[in-house]
Amino acid sequence: MARDSQAALVALNRFGFGARGGASGDLINAASDPRGFVKAELARPNGVLLEAPGLQSTPQLGQAVFAYQDQVKQAREAAAKAGAPADAPPQAPADQKPGLRRNLSLNAVATEIAGQMAEAKASDNKPTDNKPADNMAKPDIMQPNVAAPPPAKPAPQPLNVIQKTFRAEALARLQRATLVECGFTERLVVFWSNHFCISASKGELARIWAGAFEREAIRPHVLGGFADMLKAVEQHPAMLFFLDNQQSLGPDSRAGQNRRRGLNENLAREIMELHTLGVGGGYTQDDVTSLARIITGWTFAGRQGQLGAPGSFVFNGNAHQPGPQMLLGKIYEPTGLAQGEAALADIARHRSTANFIATKFVRHFVADDPPPGLVARLRDVFIKADGDLKALATALVEADEAWKAPLTKMRSPYDFLVASGRLLARVPEDPGAYLNNLNLLGQPLWSPSGPNGFADTSAAWAAPEGIKLRLDIAAQMGARLGNNIDPLDLLEFAAADAASIETRRTIQRAESRQQALALLLMSPEMQRR
């Protein structure tokens, strides 16, 4: 069978995280049967699950947070009694406003990288302040015109259980994405996790639960049924906390009559607008209110564990709105927890849900403007297969449009950093650099600014300031690793003869290996999918 390097590039970049460097041979393997290479991962559903030493369940993590919060409260109370100030929380570094960059021209990038490296070299050749001097020989004697040394920086505070957990979850995810052969199933995880997003910035519970939410509610169903994923997501404590459903009380429920608090429609609205039917999907404000009433009582057990194990999903009948409810033209009888589960099952199978999911799916993997014919076919597959997400993914891989569309979509910051790590064969041992760079590039891990998740179009990531920051990161990687890497060899791993003439010539003309590596990382073959 003839090898097709261009189709292999599509297989690895459009559907996966790009080729791995080292001796992986990903591009060669993909070139002999590109579609089969991608679909092979769909035959290994257990490969989507993520288990790693130390990763705990949501209830275990909930109990850990509650215990930590109790310890902090006791420490503050003790400090107050002793008249000592409580330790201030560490401050996040101030945001830096990056310079602007207007395009992805490799020639322009080369010029800028050359300037950066020249400045760095000149800086390295300047005399330093570290050589011995007469006025430093006797530090106990006051010297004229010598500035006082800056105060010593306070020792870094040890990580608390929330920070440790978040970093452990992040590391497990990054290592999986770096090591997996193609990365299609990991890309599916990223897609669904962003579709059903929470934000770790919501609070301590959201932060410690962010990784567990993805492991427990998303991964088991990526190649399963959409209705099962929908139920797992909406009943997960992380989602209930993120959208405040634990605060929602049926107006006529026992709890609602005893407290001055009523419905909270956040979760119901996002279920319909963002998770299933989509804007214009045929629902009304009355439907949002009805669904909010139906899912009252969906909550999680608190620190006292009165309703169940702390941090676990529970149905609180005392908070549930009694009586039947009309939703999307259908009456749902008052069956408690089952009332809400029946409503979700029907919404999952609604035609508007199929259309909304198919559109987002094609936009993510193929083009910012999804081809209508491909959307229609995937919608029909979704309906006929009763929301089978493996069938949906298979239909996408088998569609000619997914292979013929040009690789014009800009990689998200997460995709770019993972693809770079894979090509450089750098398996992360610490998530710090990735997390810092994701923050810098505007895609903090599991922390979108709203319930609609991170944007999925090129325009969101191709802004001048974003490109400038990517360039800075690529230059740093080049300066750190370029001496020991031949960028032209890496280009063979990444694209082989599918690489453009411009990319190959630009790398060949680089002034140094460091610059050449930075240019490779900024090339269309690494930035586009």
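Residues numbered from 1 in each chain as written. Predicted model: local features only at pLDDT ≥ 70, side-chain atom pairs only at ≥ 80, totals over all residues. Heavy atoms only, no water.

Engineer: Give me the lowdown on the overall build of the protein chain, citing residues and values where you can.
Structural biologist: Of regular secondary structure, the protein chain possesses 26 helices and 4 strands. For the protein chain, the proportion of its 529 residues judged to be buried stands at 50%. Counting only carbon and sulfur atoms, one obtains 51% of the accessible surface of the protein chain, whose full area is about 25,200 Å². (Helix = DSSP H or I, 4+ residues; strand = E, 2+ residues; numbered from the N terminus. Buried < 20%, exposed > 50% of the residue type's maximum accessible area, 1.4 Å probe, protein only. Areas by Shrake-Rupley, 256 points an atom, 1.4 Å probe, with all protein chains shown as cover.)

Engineer: Before we move on, could you go through helix H14 (residues 337–348) and cite the residues and values that matter?
Structural biologist: In a regular helix each residue adds 1.5 Å, so 12 residues correspond to 16 Å; H14 covers 17 Å between its end C-alpha atoms and thus fits that length. Turning to H14, its buried residues are Gln339, Gly340, Ala343, Leu344, Ile347 and Ala348. Around the axis of H14, the buried residues are gathered within 165° of arc, so they sit on the same side. (Expected span 1.5 Å × (residues − 1). Arc of directions from axis to C-beta.)

Engineer: Tell me about the packing of aromatic side chains, residues and numbers included.
Structural biologist: The relative placement of two aromatic rings is captured by the distance of their centres and the angle of their planes. In this structure the tally under the stated criterion is 19 aromatic pairs. Residues Phe15 and Trp403 carry aromatic rings whose centres are separated by 5.1 Å and whose planes lie at 40° to one another, so their mutual orientation is tilted. With a gap of 388 residues between them, Phe15 in the loop between helix H1 (5–14) and helix H2 (26–32) and Trp403 in helix H18 (residues 401–404) connect regions that are remote in the sequence. Trp403 carries the same exposure label as Phe15, and that label is buried. Joined through ring pairs, the aromatic side chains of Phe15, Phe184, Phe191, Trp192, Phe196, Phe226, Phe361, Phe365, Phe382 and Trp403 make up one cluster. Between the NZ or CZ atom of Arg173 and the centre of the ring of Tyr414, over which it lies, the distance is 4.7 Å. Positioned above the aromatic ring of Phe166 is the side chain of Arg207, whose terminal nitrogen or guanidinium carbon lies 3.9 Å from the ring centre. (Phe/Tyr/Trp six-rings, centres within 6.5 Å; stacked < 30°, edge-to-face > 60°. Lys NZ or Arg CZ within 6 Å of the ring centre and 35° of its normal.)

Engineer: Run through the pattern of salt bridges, naming residues and quoting values.
Structural biologist: Summed over the entire model, instances satisfying the criterion amount to 23 salt bridges. For Arg303, the salt bridge is made with Asp70, and the minimal N-O distance between the two is 2.9 Å. You can see Arg303 sitting in the loop between strand S1 (298–300) and strand S2 (313–315) and its partner Asp70 sitting in helix H4 (residues 58–82), a full 233 residues away along the chain. Overall, Asp70 belongs to the partly exposed group, its relative accessible area being 33%. Ionic pairing is found between Glu214 and Arg219, a salt bridge with its closest N-O pair at 3.9 Å. The buried category is assigned to Glu214, whose relative accessible area is 1%. Counted as one network, the salt bridges with shared partners bring together Arg173, Arg176, Glu186, Glu214 and Arg219. (Salt bridge = Lys/Arg side-chain N within 4 Å of Asp/Glu carboxyl O.)

Engineer: I'd like a rundown of empty space enclosed by the protein, residues and numbers included.
Structural biologist: Under the definition given, this model contains 3 cavities of 30 Å³ or more. In this structure, the largest cavity spans a volume of roughly 350 Å³. Lining the largest cavity are 27 residues; nearest its centre among them are Arg173, Val190, Asn194, Gln443 and Phe454. Broken down by secondary-structure element, the contributors of at least two residues to the lining of the largest cavity are helix H7 (184–195), helix H8 (204–218), helix H19 (413–423) and helix H21 (458–461). Residues that form the lining of the largest cavity fall into these classes: 14 nonpolar, 7 polar and 6 charged. (1 Å grid on protein atoms, 1.4 Å probe; cavity = no way out; pocket = protein on both sides within 12 Å on 5 of 7 lines; lining within 4 Å. Points joined across faces, edges and corners; volume = space filled by probe spheres on them. Nonpolar A, V, L, I, M, F, W, Y, C, P; charged D, E, K, R; others polar.)

Engineer: Explain the confidence of the model for the protein chain residue by residue, including any values.
Structural biologist: Mean pLDDT over the protein chain stands at 90; residues scoring 70 or higher make up 87%. Across residues 88–104, where pLDDT falls below 50, the model places 25 contacts with residues more than four positions away in sequence or in other chains. Segment residues 123–146: pLDDT under 50, and 3 contacts once partners within four positions in sequence are set aside and those in other chains are kept. (pLDDT = per-residue confidence, 0-100. Contact = heavy atoms within 4.5 Å.)

Engineer: Report on the layout of surface pockets, specifying residues and quantitative values.
Structural biologist: Considering only enclosed or pocket space, the second largest pocket measures out at about 450 Å³ in volume. Considering the residues around the second largest pocket, the lining is formed by 22 residues, among which Gln246, Arg259, Thr299, Leu307 and Asn316 are closest to the centre. A per-element tally of the lining of the second largest pocket places S1 first, with 3 residues. Residues that form the lining of the second largest pocket fall into these classes: 7 nonpolar, 12 polar and 3 charged.

Engineer: Describe in detail the nonpolar core, supporting the description with residues and values.
Structural biologist: Here is a general trend for soluble globular proteins: nonpolar side chains tend to be buried in one another's company. One finds Phe15, Phe184, Trp192 and Phe361 to be the most contacted residues of the largest nonpolar core, which totals 138 residues. Counting residues per element, this core draws most heavily on H8, which supplies 9 residues. Ignoring anything within four residues of it in the chain, the contact list for Trp192 reads Ile218, Val222, Phe226, Met229, Ile357, Phe361 and Leu389. (Core = buried A, V, L, I, M, F, W, Y, C linked by side-chain atoms within 4.5 Å.)

Engineer: Outline helix H12 (residues 266–275), listing residues and values.
Structural biologist: Burial of H12 is extensive: 7 of the 10 residues sit out of reach of the surface. For H12, the full list of buried residues reads Leu267, Ala268, Glu270, Ile271, Met272, Leu274 and His275.

Engineer: How would you sum up the environment of Gly281? Please name residues and give values.
Structural biologist: The topology assignment puts Gly281 in the loop between H12 and helix H13 (285–294). As for Gly281 and Asn355, which are separated by 74 residues in sequence, their C-alpha atoms are 9.0 Å apart. Beyond its immediate stretch of four places on either side in the chain, Gly281 contacts His350 and Ser352.

Engineer: Let's hear about the side chain of Asn264: which residues, and what values?
Structural biologist: Structurally, Asn264 can be placed in the loop between helix H11 (254–258) and H12. A relative accessible area of 15% places Asn264 in the buried class. A distance of 2.9 Å separates the side chain of Asn264 from the backbone nitrogen of Asn266, its partner in a polar contact. (Polar contact = N/O pair within 3.5 Å; in protein donor to acceptor, adjacent residues only side chain to side chain.)

Engineer: Now, about the packing of H7 against helix H15 (residues 351–365): what can you tell me, with residues and values included?
Structural biologist: Packing of H7 against H15 leaves a shortest axis separation of 12 Å and a crossing angle of 125°. Classed by the angle they form, the pair H7 and H15 counts as oblique. Between H7 and H15 lies a crossing of right-handed hand. Where H7 approaches H15, its residues Phe184, Arg187, Leu188, Phe191, Trp192 and His195 are matched on the opposing element by Phe356, Ile357, Lys360, Phe361, His364 and Phe365. When the residues that make up the contact of H7 with H15 are grouped by side-chain class, the tally is 8 nonpolar, 2 polar and 2 charged. (Axes fitted to C-alpha atoms, helices over the stretch in contact; angles between N-to-C directions. Parallel < 35°, antiparallel > 145°, perpendicular 65-115°, else oblique. Left-handed = near helix turned anticlockwise from the far one by under 90°.)

Engineer: Just give me the short version of the packing of H19 against helix H20 (residues 432–441), but keep the residues and values in it.
Structural biologist: When two helices pack together, their arrangement is given by the angle between the helix axes and by the axis-to-axis distance. At a closest axis distance of 9 Å, the pairing of H19 and H20 adopts a crossing angle of 145°. Of the two possible hands of crossing, H19 and H20 adopt the one that is right-handed. Listed contacts from H20 to Pro413, Tyr414, Phe416, Leu417, Val418 and Gly421 of H19 are Tyr434, Asn437, Leu438 and Leu441. Among the residues forming the contact of H19 with H20, the class breakdown is 8 nonpolar, 2 polar and no charged.

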